[in-house]
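# Examining the three-dimensional arrangement
Here's the letter readout for the chains.
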Amino acid sequence: MVSNDAVVPGPGPVQVDEREKLAADVSTLEIAEDQQKKETDVPHRSHDPQYNQKRSDPFQFGSRYLEQDDDVFEFNAWDHVETDDAYKEYAEQQFAMQRQAPVSDFDKFRFNSDPAKWWNLFYKNNTANFFKDRKWLQQEFPILDKVTQEDAGPITLLEIGAGAGNTAFPVLARNKNPKLKLHACDFSKKAVEVMRSHESYNTDFMQADVWDVAGDDLPPGLEEGSVDVALMVFIFSALSPLQWKKAVENVYRVLKPGGEVCFRDYGRGDLAQVRFKKGRYLEENFYIRGDGTRVYFFEKDELADIWSGKLNASAEGEEQTTARFDIEDLGVDRRLLVNRAKKLKMYRCWLQGRFRKI
């Protein structure tokens, strides 16, 4: 590659006065072009302060748009980027390969029969160091900011799949509401132990318990119709499709009328799905990770059907479940992450929603 600082050959036989005239002409041209550029150029959205302010609509998902003439490696990330044809072709090839080399029946039984075992091992090996604190959640879900205000009044917040507390503790750190009670529940006993041993764990405001959202019981200390807001961030994807109906019913039972679910999880075609190798495929869009934990990648319409109750009717013709939610928001958050050093493009896809109990 030729550097911008490459040496240019000397003037040769051109006379000095001719060189001076040429230099003057070039200088005049540069000034005119620069003035024209200032008058006609529109700043790129990425550099314009109005597009880098805190967004008022959490489902806008950012405002750094990749235009045709942009250098994709100028920034680390771009918003609202659809996958290109090359990636789509590669993804479909990967999916075909995954289907042809599924998990063995033996391993399928091993991983599905006791999923808690694998999550306990996960938190035993990673403790609280694997996930960063989710300080961004109050921007994505403004209700979390509202319920932590000093004058919000009595509020019960339930986090389902709380893990090591990477959501709960940042929420409590910003809490000004003396009447807030946060119930942080997880499938893993080890995760709950990690939360209870955290230096910020205060039973005046927080209660951490083991709870299976797809089980038969409600969370410890909570009754039907007692929760204002349920938070589900990257937890629904850990469930088997056979558990979806029961999980939605339990969330419905524990919420107050009009209660809200704040939801975020993986979307189909996400890089994490495309990267899976042979021997990880359980069923369509459902996989086993290397650590033994399970993960599902959702379609937008599929999630809407699950939470509205349409998908939960059985093949035997069972009537639509009474556990139904209004889909107030459901968006696809597509982002292109780039490794500028290695010139790599990575397509991520998440689904984010707000569902209200009818």
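Residues numbered from 1 in each chain as written. Predicted model: local features only at pLDDT ≥ 70, side-chain atom pairs only at ≥ 80, totals over all residues. Heavy atoms only, no water.

This brings us to the confidence of the model for the protein chain. Within the protein chain, residue pLDDT values average 80, and 71% of them lie at 70 or more. Here helix H1 (residues 16–40) stands out as the least confident element of the protein chain, with mean pLDDT 39; strand S2 (residues 155–160) is the most confident, with 98. (pLDDT = per-residue confidence, 0-100. Helix = DSSP H or I, 4+ residues; strand = E, 2+ residues; numbered from the N terminus.)

When the charged atoms of two side chains with opposite charge come close together, those side chains can pair. Considering all chains together, one arrives at 17 salt bridges under this definition. Glu299 is the partner of Arg268 in a salt bridge, and the nearest nitrogen-oxygen pair spans 3.8 Å. Residue Arg268 is located in the loop between strand S6 (255–266) and helix H10 (271–274), and its partner Glu299 is located in the loop between strand S9 (294–296) and helix H11 (300–308); the two are separated by 31 residues in the primary sequence. Residue Glu299 is classed as partly exposed on the basis of its relative accessible area of 39%. Through salt bridges that share partners, Glu260, Glu328, Asp329, Arg354 and Arg356 make up one connected network. (Salt bridge = Lys/Arg side-chain N within 4 Å of Asp/Glu carboxyl O. Buried < 20%, exposed > 50% of the residue type's maximum accessible area, 1.4 Å probe, protein only.)

Our focus in this paragraph is the environment of Tyr281. Inspection of the secondary structure puts Tyr281 in strand S7 (residues 281–283). Here the alpha-carbon distance between Tyr281 and Ala101, two residues 180 residues apart in the chain, equals 7.2 Å. A distance of 2.8 Å separates a polar atom in the side chain of Tyr281 from a polar atom in the side chain of Glu284. (Polar contact = N/O pair within 3.5 Å; in protein donor to acceptor, adjacent residues only side chain to side chain.)

Below, the discussion takes up the nonpolar core. Ranked by size, the top nonpolar core spans 38 residues in total, and within it Phe236, Val251, Val261 and Trp307 carry the most contacts. Elements that contribute at least two residues to this core include exactly S2, strand S5 (227–233), helix H9 (244–254), S6, strand S8 (286–288), H11, strand S10 (325–339) and strand S11 (344–357). At 6 residues, the largest contribution of residues to this core is made by H9. In this structure, Leu137, Val147, Ala184 and Leu231 belong to the second largest nonpolar core, which totals 23 residues. (Core = buried A, V, L, I, M, F, W, Y, C linked by side-chain atoms within 4.5 Å.)

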